[in-house]
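Each chain, written out:
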Amino acid sequence: MPANVVVLGAGVSGLTTALLLARDSKYNVTVIAKHMPGDYNIEYASPWAGANYLPVAKPGTSSETYERGTWPELERIAEDLPEAGVHFQDTVIYRRAKDAGTATADWFAELIKDDAWFKDVVPNFRVLPKNELPEGMDGGTSFTSVCINTALYLPWLASQCLKYGAVIRRGVLSHVSDAATLHHSGKRADMIVNCTGLSSLKLGGVEDKALYPARGQIVIVRNDVNVMASVSGTDDGPDEATYIMHRAAGGGCVLGGCLQKNNWESQPDPNLAIRIMKRCVTLCPELVPKGKGIEALDIIRHGVGLRPMRNGGIRVEKDGLKGRDGESVNVVHNYGHGGYGYQTSYGASQAAQKLVEEMLQPKARL
Ligand code: FAD
């Protein structure tokens, strides 16, 4: 008999975990979430991501393992499955010496190294020679990455879950253990996988105080240049950044951004939006016709998302809880993916899948 599993959350973490479990005939999967692909909400980080694969994990951490483990699957999807909305993009990362010590330079610390740990993971890694650096840049690297059109990729993940027999339903929970009563079979779930992102800060039974938001603001434009580029900092403030991502399949260009820690503001700041657009046009003048400025950007939407950051890194862990009905509940957590939820998605979900398997061994049940 397959084990009944409820995955709580339908962001990239929940849907990827649900897909890996649903592909395995040992599991009968229900996904329960407040927000689903197609929704845009400040409590739902996944639609706001660019999203690309720019590794930022410190070497030797579990996040490094997750980033390493994710590339092969994203590469396979970009190569073989155009319907997923993921395409290869050559990317450049520029470093400015004066950014050292800022929030954005810390965020980029591994990414901007000439001898980055991932140089043998991604294709075509190279250090840019001086004559390829724009004015004001002190160094740079380039490699082949991917850009994920999240407006296509999240529904694709949901469709893949359905294809493998998972059932997806709306639900809003105040306590993680309540998920045990929501399996579509009507039977009690054998396992809950908690993929609620930043909401695990307040979710009953979890209330993980190590979580905090890092606000990201973006502008999505129809101006569709075939460019993906990032800079280690800006002259406009230590928590602002400049990046451009060209999304697959008519997704437009994502212009960013910022990394504002502990800022919960859900509304776009219009002044920041102007700074973002100006910086992106300076970095990539081809975004607009020659001689034009940001007035020539054709805006699809402004966006704000909260990256689910966590002191101590991503939490992929087993947990045994007593439900509110007094029954014991098996839980595996997979949350706290910060600004790297897509680029760690398969690695972290594989680790969560392994824990589900371990926990469902008869002896290991708590
Ligand atoms: P979420 O997407 O927030 O999903 C949480 C899910 O849990 C939702 O379905 C929600 O409804 C559900 N839920 C929560 N609480 C409850 C409850 N009580 N009851 C029921 N359901 C509940 N990452 C990259 O890898 N590459 C990038 O280029 C990148 N760029 C980014 C740019 C921006 C501007 C931002 C904001 C983020 C970016 N990220 C990027 C980070 C990435 O978006 C996140 O790490 C990722 O989306 C987190 O996904 P998640 O599934 O864990 O959480």
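Remember, it's a predicted structure, so these values are computed and weren't measured experimentally.

## Some remarks on the pairing of strand β8 (residues 211-221)
Consecutive residues of a regular strand have side chains that alternate between opposite faces of the sheet. Burial analysis of β8 places 11 of its 11 residues in the buried class, which makes it a mostly covered element. Neither face of β8 is exposed, since L211, P213, R215, Q217, V219 and V221 on one face and Y212, A214, G216, I218 and I220 on the opposite face are all buried. When β8 meets strand β12 (residues 260-261), the two strands line up antiparallel, connected through 2 bridges. Each residue of the ladder has a partner; that of A214, found in β12, is K261. Pairing of β8 with strand β11 (residues 253-258) involves 4 bridges; the strand directions are antiparallel.

## Points about the pattern of salt bridges
Scanning the entire structure with this criterion turns up 23 salt bridges. Taking the shortest distance from any N to any O, the salt bridge between E110 and K113 comes out at 3.1 Å. Classification of E110 as buried rests on a relative accessible area of 5%. E317 is the salt-bridge partner of R315, the closest N and O atoms lying 3.0 Å from each other.

## Observations concerning the site of the ligand
Around the ligand sit 39 residues, and of these S13, H35, S46, L173 and G338 come closest. Contact distances for the ligand include 2.7 Å between a nitrogen atom and a backbone N or O atom of L173. Interatomic distance of 3.0 Å between a backbone N/O atom of G341 and an oxygen atom of the ligand. Broken down by secondary-structure element, the contributors of at least two residues to the shell around the ligand are α1 (12-22), β10 (240-246) and β13 (299-310). A total of 4 residues in the shell around the ligand trace back to one element, the largest contributor, which is β13. In the shell around the ligand, the residues fall into 19 nonpolar, 17 polar and 3 charged. The residue makeup of the shell around the ligand includes at least three contributed by each of domain 1 (3-47 + 151-210 + 311-365) and domain 2 (87-145 + 212-310).

## Concerning the UniProt feature "binding site: FAD" (unreviewed entry) in the protein
UniProt feature "binding site: FAD" (unreviewed entry): in the numbering of this structure it lies at V176 and T196. In sequence the annotated residues extend across 21 residues, while in space they remain close, none of their C-alpha pairs exceeding 9.4 Å. Here V176 lies in the loop between β6 (167-170) and β7 (191-194). The contact partners of V176, leaving out residues within four places of it in the chain, are L8, I192, N194, L203, G204, G205, V206 and L321. If you trace the backbone, T196 turns up in the loop between β7 and β8. In this structure T196 touches L8, L203 and Y335, once residues within four positions along its chain are discounted. Side-chain polar atoms of T196 contact the side chain of N194, separated by 2.8 Å.

Reading the values: rules and limits
- Residues numbered from 1 in each chain as written.
- Predicted model: local features only at pLDDT ≥ 70, side-chain atom pairs only at ≥ 80, totals over all residues.
- Heavy atoms only, no water.
- Buried < 20%, exposed > 50% of the residue type's maximum accessible area, 1.4 Å probe, protein only.
- Helix = DSSP H or I, 4+ residues; strand = E, 2+ residues; numbered from the N terminus.
- Pairing = 2+ DSSP bridges.
- Salt bridge = Lys/Arg side-chain N within 4 Å of Asp/Glu carboxyl O.
- Near = heavy atom within 4 Å.
- Polar contact = N/O pair within 3.5 Å; in protein donor to acceptor, adjacent residues only side chain to side chain.
- Nonpolar A, V, L, I, M, F, W, Y, C, P; charged D, E, K, R; others polar.
- Domains from an automatic or database assignment.
- UniProt positions renumbered as here; feature names shortened; annotations may be inferred.
- Contact = heavy atoms within 4.5 Å.

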